[in-house]
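Fold and geometry: a report
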Amino acid sequence: MVDVIRLLGIRDTPLSVDEVLGAVEDHAAGGTAVFVGTVREQDGGRPVTLLSYSAHPSAEERLRRVAEKVAADHQVTALAAVHRVGDLRLGEIAVVVAAACPHRAEAFEACRRLIDDLKHEVPIWKHQVFADGGAEWVGACE
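Here's a quick rundown of the structure. Being a predicted model, the structure only gives us computed values, none of them experimental. (Residues numbered from 1 in each chain as written. Predicted model: local features only at pLDDT ≥ 70, side-chain atom pairs only at ≥ 80, totals over all residues. Heavy atoms only, no water.)

1. Looking at the sheet that holds strand β5 (residues 78–84)
The mixed open sheet is built from 4 strands, whose spatial order is β1-β5-β7-β2. Each of the sheet's edge strands pairs with one partner strand only, and the pair in question is β1 (5–11) and β2 (31–38). Going from strand to strand, the sheet's axes swing by 5 degrees on average, the running direction of each strand aside. Summarising the sheet, β2 and strand β7 (residues 93–101) pair through 8 bridges and their orientation is antiparallel. Bridging across to β7, phenylalanine 35 finds its partner in valine 97. Along the sheet face, helix α3 (residues 104–121) touches β2, β5 and β7 and points at about 145 degrees away from the line of β7. (Pairing = 2+ DSSP bridges. Helix = DSSP H or I, 4+ residues; strand = E, 2+ residues; numbered from the N terminus. Axes fitted to C-alpha atoms, helices over the stretch in contact; angles between N-to-C directions. Contact = heavy atoms within 4.5 Å.)

Here it is, written out as structure tokens:
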């Protein structure tokens, strides 16, 4: 299973979609699905000016457990997931996950499960700052 988990990380530097795609490149895969999460300009109808992500020290280990579960439950040839921490501006990439599988349907399913479980199980918190001066924390492990 370790061989299929090619790249995992929590980083305070900009993320690269090309790096994640390169990590899951595999000749046994007939399909690769990628999800890229970016900072959007509003949330709940309120304009967002800045996001700041924070992660618990256990976040990388929890991310590994999530990836291991996805690998055990799906026929994947390669998985990768990276999440950004720190301050991010509008349009910047906050998270990239990818799954490569023998067939496209499996790749879509594994990729969706990877991002959904990351959001529900990995302790990463988002602090949103709004244009009106307000702010809110959005908890991890929803």
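2. Some points on the pairing of β5
Burial analysis of β5 places 7 of its 7 residues in the buried class, which makes it a mostly covered element. Side chains Ala78, Ala80, Val82 and Arg84 project from β5 onto one buried face, and the interleaved Leu79, Ala81 and His83 project onto a second face that is buried too. As judged from the 6 bridges shared by β1 and β5, these two strands associate in the parallel manner. Looking at the pairing, leucine 7 lines up with alanine 80 of β5. Relative to β7, β5 runs antiparallel, the two sharing 6 bridges. (Buried < 20%, exposed > 50% of the residue type's maximum accessible area, 1.4 Å probe, protein only.)

3. Brief notes about the pattern of salt bridges
Under the counting rule described, the total for this entry stands at 10 salt bridges. Arginine 40 is the partner of aspartate 43 in a salt bridge, and the nearest nitrogen-oxygen pair spans 2.7 Å. The exposure class assigned to arginine 40 is partly exposed, which follows from its relative accessible area of 47%. Between arginine 113 and aspartate 73 there is a salt bridge; the shortest N-O distance is 3.0 Å. (Salt bridge = Lys/Arg side-chain N within 4 Å of Asp/Glu carboxyl O.)

4. Quick notes on the layout of surface pockets
Roughly 360 Å³ of internal volume is contained in the largest pocket. In terms of lining residues, the largest pocket is bounded by 23 residues, among which Arg40, Tyr53, His83, Lys119 and Lys126 are the most central. Within the residue set of the lining of the largest pocket, elements represented by two or more residues are β2, β4 (46–55), β7, α3 and β8 (124–130). Element by element, the count of residues in the lining of the largest pocket is highest for β8, at 4 residues. Taken together, the residues of the lining of the largest pocket break down into 14 nonpolar, 5 polar and 4 charged. (1 Å grid on protein atoms, 1.4 Å probe; cavity = no way out; pocket = protein on both sides within 12 Å on 5 of 7 lines; lining within 4 Å. Points joined across faces, edges and corners; volume = space filled by probe spheres on them. Nonpolar A, V, L, I, M, F, W, Y, C, P; charged D, E, K, R; others polar.)

5. Topic: the state of the cysteines
Each disulfide consists of a covalent bond between the sulfur atoms of two cysteine residues. Scanning the model with the defined rule gives 0 disulfides in all. Cysteine 101 forms no disulfide, and the closest cysteine sulfur to it belongs to cysteine 111, at a distance of 9.2 Å. For cysteine 111, a relative accessible area of 5% corresponds to the buried category. (Disulfide = S-S within 2.5 Å.)

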